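Chain by chain, the residues run as shown.
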Amino acid sequence: TEIYPNLAAGRPVVVKVNYWNGHHWTTHFMIIFAFDGQRYWVKDPWKNWTQQDQPLYGNFVQGILLGVS
């Protein structure tokens, strides 16, 4: 309920996700920067720099809102 309003106000949202990497569960952080009407789009620091924009993946654990007063 807080992610979309912050994106609409121009504030990106840092999220913590857990996902299975094929061997074990791992925690990972990404920046949600957009919503296309169906899914959130993230900048993912684990991806190749030429493929940073990804749909949100993994099991959402926690949203950490930045720039909220």
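Just so you know, these numbers come straight off a predicted model, no measurement behind them.

Enquirer: Sorry, what's going on with the side chain of threonine 26 here?
Expert: Tracing the backbone shows threonine 26 in strand E2 (residues 25-35). Sequence-distant contacts of threonine 26, that is, excluding residues within four places in its chain, are made with Val17, Asn18, Tyr19, Asn21 and Trp46.

Enquirer: I tried to follow the packing of aromatic side chains on my own but got confused; where do I start?
Expert: The relation between two aromatic rings is expressed through the spacing of the ring centres and the mutual angle of the planes. What the rule picks out here adds up to two aromatic pairs. An angle of 75 degrees between the planes, with centres 5.7 Å apart, marks the rings of tyrosine 4 and phenylalanine 35 as edge-to-face. Taken together, the residues tyrosine 4 in helix H1 (residues 3-8) and phenylalanine 35 in strand E2 connect sequence positions 31 residues apart. With a relative accessible area of 33%, phenylalanine 35 lands in the partly exposed category. Summarising the aromatic geometry, the rings of phenylalanine 35 and tyrosine 40 are spaced 4.8 Å apart at their centres and angled 45 degrees between planes, so their arrangement reads as tilted. With a relative accessible area of 22%, tyrosine 40 lands in the partly exposed category. The aromatic ring of phenylalanine 33 is capped on one face by lysine 43, whose charged end is 4.8 Å from the ring centroid.

Enquirer: Can you help me understand the nonpolar core in this one?
Expert: Nonpolar side chains in soluble globular proteins generally cluster together in the buried interior. Listed in full, the eight residues of the largest apolar core are Ile3, Leu7, Val13, Val15, Val17, Met30, Ile32 and Val42. Those elements giving two or more residues to this core turn out to be H1, strand E1 (13-20) and E2. The greatest single-element share of this core, amounting to three residues, is contributed by E1.

Enquirer: Would you mind showing me how to read the pairing of E1 here?
Expert: The side chains of a regular strand alternate, first on one face of the sheet and then on the other. In this structure, E1 lies alongside E2, joined through eight bridges in antiparallel fashion. Its bridge partner lying in E2, lysine 16 is registered against phenylalanine 29. Between E1 and E2, which follow one another and run antiparallel, lie four residues, and glycine 22 among them has a positive phi close to 100 degrees.

Procedures and definitions
- Residues numbered from 1 in each chain as written.
- Predicted model: local features only at pLDDT ≥ 70, side-chain atom pairs only at ≥ 80, totals over all residues.
- Heavy atoms only, no water.
- Helix = DSSP H or I, 4+ residues; strand = E, 2+ residues; numbered from the N terminus.
- Contact = heavy atoms within 4.5 Å.
- Phe/Tyr/Trp six-rings, centres within 6.5 Å; stacked < 30°, edge-to-face > 60°.
- Buried < 20%, exposed > 50% of the residue type's maximum accessible area, 1.4 Å probe, protein only.
- Lys NZ or Arg CZ within 6 Å of the ring centre and 35° of its normal.
- Core = buried A, V, L, I, M, F, W, Y, C linked by side-chain atoms within 4.5 Å.
- Pairing = 2+ DSSP bridges.

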